Every structure is written in structure tokens, then in C-alpha cells.
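Chain by chain, the residues:
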Amino acid sequence: MARITIDPMTRIEGHLRIDVEIEGGQVKDAWTTGTLFRGFEIILQGRDPRDAWHITQRICGVCPTSHGHTSSMSMDDAFKVRPPDNGRIIRNIIEGAQFVHSHILWFYHLNALDYVDVVSALKAQPKEASLKKVQAKLKSFVESGQLGPFANAYWGHPEYKLSPEVNLIAVAHYLEALEMQAKAAQVSALFGGRMPMTMTSPPGGVTHVPSVDDLKNYLFRVKELQAWIDNVFINDLLAIAPSYLYAAGVGKGHGNFLSWGVFEDASFDPKKRLLPRGAIFAADFPKVHDAVPGDVTEDTSHGWYKNSKPLNPAVGVTEPEYTGYDSNKKYTWAKAPRLQNKPMEVGALARMLVAYASGQPTAKKLIDDTLKAIGHPGQPQVLLGIVGRIAARTLECKMVADAMLQWGMDLIENIKKGNTAVYNDYTIPDKAQGIGLWEAPRGALGHWIDVDGKKIKNYQCVVPTTWNVCPRDDNGVRGPIEEALVGTKVANAEKPLEILRVVHSFDPCLACTVHVIHPESNRIMDFKVS
Amino acid sequence: MSKKDEVSKQFLEALEFRGINRRDFLKYCGATAALLGLSEGYGPKIAAALEKATTRQPVVWLNFASDSGCTEAFIKATYPSPAEVILDILSVDYNETIMAAAGKQAEELLEKSKKTGGYILIVEGGIPTKKGHGMIGNKEMLDVFKEMAGPAVAVLAIGSCATTGGVPAAKPNPSQIIGTSEALKKLGISKPLVNLDLCPVNPEYLVGVVVNYLLLGKIPELDQHGRPKMFYGQTIHDNCERRAHFDAGRFVEKFGSAEEGLGYCLYKMGCKGPMTWSACPKIQYNARTSWCIKAGGPCIGCAEPGWTDKFAGFYERLPGVTIPGIGGVEKGADSIGTVAAVATAAGIAIHAVATAASGRTKDKDEKDGGKK
């Protein structure tokens, strides 16, 4: 049996180590390890609660807006203030632009190089002038000997299945997508001031009344993004997918999915969000279960913490104890969150499947059309795995971009009617507690705040990648990425491309994961929510 | 055709495949010249220097205790675009977020860079000094920094985490994170260092410093915090688009109010612009789409060393903004509107006070100019 360690795991956010045991060319067991933490909850204690939505954005530079919004929502809940309709819409818009940006970046710049052989593109015989130019550029780039970010990769690996022509198109779109993700971020900046780290979504709504100029800028930018997603992004998925459908079952995992839901409806009902709240267990479609925060527990048996029984984050106990790397005992800074004692996959696939099973009409049509196109009508089970995760992110990107145009029109309608309110004022109570449950592009995100004496007494986050990258629990049940890795065939242990594919399919973001505690103070996080 | 013309031709063809014609390129060079504080006449000189470059400047980009927000910010750069920076200007030989190689193959690349040397080391994130708190490839981050800082030609600390630790180093600094200059001092390494405070870094500042280095072969003139004067020479308040309203005493009292819509001053909402030194109002963010104050978000002071704690209580009014002649702290600013005649003088006074309060005066800046 051979053991492979991949450290650093690249083309993700943050610091991740992957260990796998390989027997007979197949992964027999796997362990995921978060190797950095920063201690955000400790830093937040004693501060002005209104600062939290700025500070928690710094948990993650890829999805800062999701943290900011979840934080402000936890305070909306604690301070009993609800944003006016325009505030709701503008938060959706800023969040939506971040989703579009994040999915484009993930597809082309983080994930695609596991499927697209950049060097093979040199062998293409393109007819189009624009592709000829890209190829000439690539040639001079390769011949310069300075390969920069493309150096020392697995080029030529037999698992790269695309023709040189498709590889070349993908390389051209890799470059184009760099511009498009920046354009999507400009939409966040239009209403948020800048991206990353938006500035305009404090508790109560948003700070800024959009001008006519803002709205005009917004509409034409969203239309440009929409057109690119429809004409380039979706087509790239369709061009690449057929060559990899044989791998559809790779990286299945447990089949448990959780979505807290994202993009607020006018009713503020989480089941009516564009991507609704719910949970699916053991790929048992179309049953959707209620997802409630009271069902969440965190297990510490394989993280560097003193053992305690699994507890709800609201009353969580965290006693850190670094004991070195030992994959038989403790091997990561991540705790193991569970819903109804089950490990849950979170992210675009979870959201789209929950939306599909809930009968959300747009998601249902997109997924039904996709299943028909790949010859599996009415069988969402085939989406479990690496190809399904790629498809789900692409489809969700389209769904969100389309919704953004509608939100813009809704906003204009409101303003036309003279409804320009974007913010409701509040006073900070002496004591208050609140929960924000939302989604980052990478999955389910929850913030819990406890205010005492108008200051933060305690703050707790349970974030997407902790769900996905977590270790085993006390019953020895693997975390979602670990489970998804088991059974993966690896052709060449020196170049474990297939493992990168499974890990990247979850779009891990480690900055989010390992930020919970202070290992020296052994401080107990005692947190209660009424 | 002279050799230079041939190089030019190749270079322009390379640009053209990305839809950039010569006019666009010169426009970019003009924008860069403006960014560097040079006259527009420098545009063609910058163009010539970039066209002549035959090898691309190697860069090693290390991520420590960060959230990758500065990598995210960098790939939002406009002039030039990230694709141009990566393919045409720099050779980004190590960056964990974008590099194709992983694990062993990534470690090999870092080893190779270390042996070859001559790279610009870009540092993102602060450096944890407590054992086990930050590891890459099973090594302590401080050790990785030590190994890689030695062979570098210069170090760029980008973003608040890299300069002074940033948010994760805020009290009580659970991982005992330090900034790059402190790490260099601790390790006894002497290197040219540029600090680009901001959370996240403004990508145009980063590109500006790199282009400055490629053109002139040296780092730009720095202030006493090691920040380029060309970007940190004036306060946000100095250049704020809402400044006239401050001078006239017109303030926003509530977010989303009619006054906000009219672009009134955000000082009373907690804006830290009077004490924050950065060219944000001029260079803005995301291809000059907007910036914090334009979008109605009061400045939180993230361009200042020691942010977050320096300005914690982001929505509290900036203390100590005294206006001589009107009397009182803070109240003075409220009174300006009623004393319109002194508005301009008061504005100037605020600047002087803010300058003194943040420990800097023009004289001091000039005296310390460029020295680190």
C-alpha cells in the first residue's frame, strides 16, 4: 500500500494537506488536513458588534461578501431590524455578483487545468484567426522557457482527454475568463464600493441610495455577463463534458446535502429563497428535509481539540490541544460538523439538488434539460460526483446571472414608485442574540452572535469548507471530501491528477475553515442562543 | 528594420491577440505614467521599456496567514490586466492560488526559485510566530519566509496582513502574527521592502510599484512606514469627492438618507478619511468603478499601519478632530455649516491636525524621504 501526501494542495484558497492510501491503483482511505488558523472568534470578543460584518469579511477574501451579509443578518436578527425591500434586493445583487465571479474563477482558473492540457493546445490546427493568435502567443510563451503558473504540471497525463482543438479553445477562454471574473466583481463594487471587501451592507440594509447612473451601469454590465455565460461558459461545459462523462461517478461521497438557502425573497421565508433551504439524505430524491440550526453538532474526536461529546455550536465547547499529525487519532484543525449526526456536502451541487427536489422551477428546468442532454432523464443521482459538481456550478452561475437582471428591474420598479428606502435604523440592545444562515458560493454558512453590554460577548461561525473538509467523527464516519476520495482510481501515484479533480470539485476554501479557536488559551467557547 | 523595431513588432503582435492595439497600449502606458505621478510624456518611455524587455521578471508569491483577498484583488487589476501581468510582464513562478502544479511538483518549483534567486518576493498575509499555527509543506511559515527572502531582490508586502499583521493580528493576536518588516528584523535579513497597506491591496498600487521597478530598476520613494509616497502621500480627506460638503458643513446623519443620495460628507457616520493616507479617491477600485466613500460606506481606515485596532469602532466618530477657532472636539465639525465663511480655513486646519495626529508632517515626510 502506498501513501501519498499532497501538501500544498494548490488552486484552492488557503492551506490544505491531503493524504491518501493507494492499493491496487485505487484510493483505499483518505485524510484532509487544515494547516493554518487565525482565531477570528477570539478577536471579535469585546468589540462593537457593528464592526463584526467588516472583520468577518476578512475570514475569506474569495467570499467576503457572504461572510459580511451573514454577519449583518445575525445582527438584523439580534437587533430586530429588517432591511427595506430595496436593501434586500441590493444585498442580493452584491451577493449575486460575487457568486458569478466566484464560479467563473473556479471553473476556469482553479478547476479547468485538471481537465485542460495547456501544452496539448500547441498541437491544435485552428482555422479561426483569433485562435491562431492565441496559439502563437502560447507557443512563444512556452518557448520562452518561463512557464510561470503553468510550470511543472501534469501535462501529457493520460487522463487529459480533450482534443488539442478543444484544449486551445479552453486556453483562450481561460484568458477571457480572467477579464470576466473581474467584470463580475465590478458589479459588486458598483453597489458595494469595492470588491473584495464590500463596504455598504451594515445591519439594517445598505448605506447607499442608487443613482440613475448606478442603475444604468448595472444593467449593461449584467447583460454583458449574461451573454458571456450563455455563449461561452455554458458552451465550454458542453464541449468539455462529453470527454469526461466516463468519470461521472468519480468522487460521489455520502450523498447527504445541506443548503441554508441564499438570495432573500420579499417574504424573508428561507424556503422561498432563489436557492431554498433544505437537506437531502443518502441521495434519496425527491425527499427534502427541513434544515434547522438546532440539528447541527460539532465533533472534535479527530481535530486537535480535547475530546468532548458532539455539541450544538450554540453551546459549543472548544478546548484546543495540538498533538501533532497522527491520521489514526488527530490530524487537522477542522472540527467535524454534522446535521442529524450525518456529514453533509455543501456547495452549488447541494443547493441545486435541494432546489431541484423542492421544485424550484428554474433549477428544475435547468437540471432536467441537463439530465436529458446527457441521456439520464429524471435521474439526478447521476449528478453525484465530480462532473455533477462542475455542472451544478455552471448552471447555478447562469441561474444567478439571470436573477440579477430581474432584481435590477425590481429595484427600478420600486424607485419609480417613489420607494427609495434602503436602510432601517436600529438601536443596539444591551443584551441580544441572533443567527444568520446564508450561503457562500462554496456552501452553507452560519454566524451566531451574542451581544452583552452592547459589545460582542461571543461569536461563532460554521462555514462551508468546514462541512466539506472536516475529518472523521467519533463513529469513524469520514468527512465529505475524504469519503469522495475513496475508490478514486489513480493511474500514476507520482502525478495524482485524479485526486486533484475530486478535491477541486468541492472548491475548498481553507481560510474559512480553520479560524475557530485560540490553541494557547484553551478557552471554552460557551455560547447560548435562546 | 532595426532590432528594436522587430522587438516592437513581436510585442505588438503578442498584445494584438488579446485584442489590444497599439493605441490601447499607449493609453495604458499613459495611465501608468499618471499613476506613477509622472507627466503624460513618460507614457511612450514606459511603452519602450516594456517592449524591450526580453525576459520577464520572476516573481515568487507566498501566502501566509491571509484570506487570499489580495490575490483576489490582484486579479481585478485593469491597467494592465492580470492576463497581461502574468503572460507578458512578469513570470509568476510560484503562487499557490493560481499555479497548475501541486504538492511535490509545487515544492520543486519553490526550490528551483530559491536556487536561481533574483525574484521579487510578494508576501500576502502575516506570519504566525507560534509553533504549529501556520505550516506549508510541513514547514513553519516563518521558516519558509526566511528561506525565500534571502535570494529575493526585493520584498513587496501587500495588504494589511503582510505589512503589520492585519485583522488576524488584532487583539489579542491569537497566533502571534507579525508583519513582513518585523519578520525581516527578527530574522536579521536586510532587503529593500515596500509596504502596501490596505485591506485588500489596491491592485493598481501593486502593478504601479512593479512597473516602477521594471522601468527604473529600483523601488519607489517611500514614507516613514515604508509605503510609496506616490500612493500614500495625501489623506483620503484631501481628495475626497464629498470634501466640499464637509467644508460646507453638510453631513449624512443616517445611511440611505436623502443627504447620502446628495453625496454629503460621511464624517459623522464614522468616516476615517481625515486620518487615512491613501490615494483611494483618485485611483478607486475595480477599474475605477467605485470606492468605499462614493458608495456611501464610511472609510474604515484600512490603509493605515496597525489597522484594525487603530480604528476599531468603525462607525464611531473619529476622535480628536479639533477645529481651532470654532472650539471643541467633534462639535467643531457640526458647527462648520453655520459658519460658512470659515469653512475653507477649517478644512485646511483639519488637514493640519490630522497630519499632526497621525505623527506625520510634510517636513518629516520629506526629511525621511525614501529611506527605510
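All values reported here derive from a predicted model rather than from experimental measurement. Residue indices begin from 1 for each chain and proceed along its sequence in written order. Chains and ligands are labelled by the order in which they are written, letters from A for the one and numbers from 1 for the other. In view of the model being predicted, local features appear only for residues whose pLDDT reaches at least 70, and side-chain atom pairs are presented and counted only at 80 or more, with totals across whole chains, interfaces and linings using the full set of residues.

> Please set out the overall build of chain A residue by residue, giving values where relevant.
Under the scheme used here, helices are H or I runs from DSSP no shorter than 4 residues and strands are E runs no shorter than 2 residues, and both carry numbers assigned from the N terminus. Across its full length, chain A carries 14 helices and 10 strands. All radius of gyration figures rest on C-alpha atoms, and the globule criterion is 2.2 Å times the number of residues raised to 0.38. For 530 residues, the compact-globule estimate of 2.2 N^0.38 gives 24 Å, and the C-alpha radius of gyration of chain A, at 23 Å, lies within 12% of that figure. Oriented by its inertia axes, the alpha-carbon framework of chain A measures out at about 70 × 60 × 45 Å. Counting over 530 residues, chain A shows a buried share of 62%. In chain A, the proportion of contacts linking residues at least 24 apart, taken out of those at least 6 apart, comes to 76%. The burial criterion counts other C-beta atoms lying within 10 Å of a residue's C-beta, which is placed from the backbone; the residue is buried at 20 or more, exposed at 12 or fewer, and partly exposed between these limits. Think of it this way: build a C-beta for each residue from its backbone, and any pair within 7 Å is a contact.

> If you had to explain the overall build of chain B to someone new, which residues and values would you point to?
Secondary structure summary: chain B contains 18 helices and nine strands in total. Counting across all 372 residues of chain B, residues that qualify as buried make up 53%.

> So what about the interface of chain A and chain B? Which residues, and what values?
Opposite the 76 residues of chain A that make contact, chain B presents 74 residues. Among the elements of the structure, helix 1 (40-44), helix 2 (52-55), helix 5 (129-143) and helix 6 (164-192) of chain A are those that each provide at least two residues to the side of chain A that touches chain B. By residue number, the principal contributor to the side of chain A that touches chain B is helix 6 of chain A, which donates 11 residues. Each residue gets one of three labels, nonpolar for Ala, Val, Leu, Ile, Met, Phe, Trp, Tyr, Cys and Pro, charged for Asp, Glu, Lys and Arg, and polar for the others, Gly among them. In terms of residue class, the side of chain A that touches chain B is made up of 40 nonpolar, 21 polar and 15 charged.

> Give a detailed account of the confidence of the model for chain B, specifying residues and quantitative values.
Residue and element names in this part refer to chain B. Scored between 0 and 100, pLDDT is the confidence that the predictor attaches to each residue. Per-residue confidence for chain B gives a mean pLDDT of 79; residues scoring 70 or more make up 71%. Ignoring residues within four places in sequence, the model shows residues 1-5, a span with pLDDT below 50, making one contact including any to other chains. This stretch, residues 323-372, has a pLDDT under 50; its non-local contacts, to residues over four places away or in other chains, come to 63 contacts. Both confidence scores are given for the complex: pTM 0.89, ipTM 0.91.

> Quick rundown of the environment of Gln181(A)? Include the residues and the values.
Looking at the element boundaries, Gln181(A) is found in helix 6. The exposure class of Gln181(A) is buried, given the 24 C-beta atoms found within 10 Å. A sequence separation of 145 residues divides Gln181(A) from Asp326(A), and the C-alpha atoms of the two residues are 40 Å apart. Those residues in contact with Gln181(A) that lie beyond four places of it in its chain are His101(A), Ile104(A), Leu105(A) and Ile75(B).

> Explain the pairing of strand 9 (residues 193-196) of chain B to me, using residue names and the numbers behind them.
All names here are of chain B. Covered by surrounding structure in strand 9 are Leu-193 and Asn-195 together with Val-194 and Leu-196, the residues of both alternating faces. Note: two strands are recorded as paired if DSSP finds a minimum of 2 bridges between them. Examined bridge by bridge, strand 7 (residues 154-158) and strand 9 share four bridges and lie parallel to one another. Within the sheet, the bridge partner assigned to Ala-157 lies in strand 9 and is Asn-195.

> Lay out the domain arrangement of chain B in plain terms, naming residues and giving numbers.
Domains are outlined according to an automatic or database domain assignment. Once the domains are mapped, chain B shows domain 1 (1-54), domain 2 (55-220) and domain 3 (236-368). The partner domain 3 of chain B presents 13 residues to the 13 residues of domain 2 of chain B that form the contact.

> Just give me the short version of the sheet that holds strand 2 (residues 16-23) of chain A, but keep the residues and values in it.
Residues and elements named next belong to chain A. Read across the sheet, three strands follow the order 1-2-3 without closing on themselves; strand pairing throughout is antiparallel. At either margin of the open sheet sits one strand with a lone partner, and together these are strand 1 (2-6) and strand 3 (26-34). Strand-to-strand twist in this sheet, taken as the mean axis angle between neighbours without regard to direction, amounts to 15 degrees. Helix axes are fitted only over the stretch in contact, all axes being lines through C-alpha atoms; the angle between N-to-C directions runs from 0 to 180 degrees.

> Before we move on, could you go through the confidence of the model for chain A and cite the residues and values that matter?
Put simply, chain A has an average pLDDT of 91, and 95% of its residues get 70 or more. Within the model, pLDDT remains below 50 along residues 514-530 of chain A, and this stretch shows 51 contacts once partners closer than five positions in the same chain are excluded.

> Describe the pairing of strand 3 of chain A, and please don't skip the residues or the numbers.
Residues and elements named next belong to chain A. In this structure, strand 2 lies alongside strand 3, joined through eight bridges in antiparallel fashion. Along strand 3, the bridge assignment pairs Asp-19 with Trp-31. Here strand 2 hands over to strand 3 after two residues, with Gly-24 in that stretch at a positive phi of 60 degrees.

> Summarise the packing of helix 8 (residues 348-357) of chain A against helix 9 (residues 361-373) of chain A; cite the residues concerned and give the values.
Helix-helix packing: each pair is described by the crossing angle between the helix axes and the interaxial distance. All names here are of chain A. Contact pair helix 8 / helix 9: the axes reach a minimum separation of 8 Å and the direction vectors enclose 105 degrees. Classified by the angle between their axes, helix 8 and helix 9 sit roughly perpendicular to one another. For the pair helix 8 and helix 9, the contacting residues are Met-352, Ala-355 and Tyr-356 in the first and Ala-363, Lys-364 and Ile-367 in the second. Looking at the contact of helix 8 with helix 9 residue by residue, the classes come out as five nonpolar, no polar and one charged. We call two directions roughly parallel when the angle between them is under 35 degrees, roughly antiparallel when it is over 145, roughly perpendicular when it lies between 65 and 115, and oblique otherwise.

> Please give an account of the packing of helix 4 (residues 85-111) of chain A against helix 6 of chain A that cites residues and values.
All names here are of chain A. Two elements in contact, helix 4 and helix 6, have axes whose closest approach is 8 Å; the angle formed by their N-to-C orientations is 165 degrees. As far as their axial angle goes, helix 6 and helix 4 are roughly antiparallel. Between helix 4 and helix 6 lies a crossing of left-handed hand. On helix 6, the residues touching Ile-90, Ile-93, Ile-94, Ala-97, Gln-98, Val-100, His-101, Ile-104, Leu-105, Tyr-108 and His-109 of helix 4 are His-173, Tyr-174, Ala-177, Met-180, Gln-181, Ala-184, Ala-185, Val-187, Ser-188, Phe-191 and Gly-192. Residues of the contact of helix 4 with helix 6, tallied by class, amount to 15 nonpolar, seven polar and no charged. Helix crossings are classified by the rotation of the near helix relative to the far one: an anticlockwise turn of less than a right angle makes the crossing left-handed, while a clockwise turn makes it right-handed.

> Outline helix 8 of chain A, supporting the account with residue identities and numerical values.
At 3.6 residues per turn, the α-helix brings residues three or four places apart onto the same side. Residue and element names in this part refer to chain A. Along helix 8, 10 of the 10 residues are buried, which leaves the element largely enclosed by surrounding structure. Those residues of helix 8 not exposed but buried are Ala-348, Leu-349, Ala-350, Arg-351, Met-352, Leu-353, Val-354, Ala-355, Tyr-356 and Ala-357. Where the residues of helix 8 are buried, they touch strand 4 (257-259), strand 5 (278-280), helix 9, helix 10 (386-416), strand 8 (431-440) and strand 9 (443-452). One or two residues past the end of helix 8 sits Gly-359, with phi positive at roughly 80 degrees.

> Outline helix 13 (residues 497-505) of chain A, supporting the account with residue identities and numerical values.
Residues and elements named next belong to chain A. The buried fraction of helix 13 amounts to eight of the nine residues, a majority that puts the element mostly inside the structure. Those residues of helix 13 lying buried are Glu-498, Ile-499, Leu-500, Arg-501, Val-502, Val-503, His-504 and Ser-505. Asp-507 sits one or two positions beyond helix 13 and adopts a positive phi of about 50 degrees.

> Requested: an account of the sheet that holds strand 2 (residues 90-95) of chain B, with residues and values cited.
All names here are of chain B. Taken together, five strands build an open sheet; the order of strands is 2-1-3-7-9 and the sheet is parallel. Strands at the two margins of the open sheet, each flanked by one partner only, are strand 2 and strand 9. Averaged over all pairs of adjacent strands, the angle between their axes in this sheet comes to 20 degrees, without regard to strand direction. Across five bridges, strand 1 (residues 57-63) lies against strand 2 in parallel orientation. Residue Gln-57 lies in a different strand from strand 2, and its bridge partner there is Leu-90.

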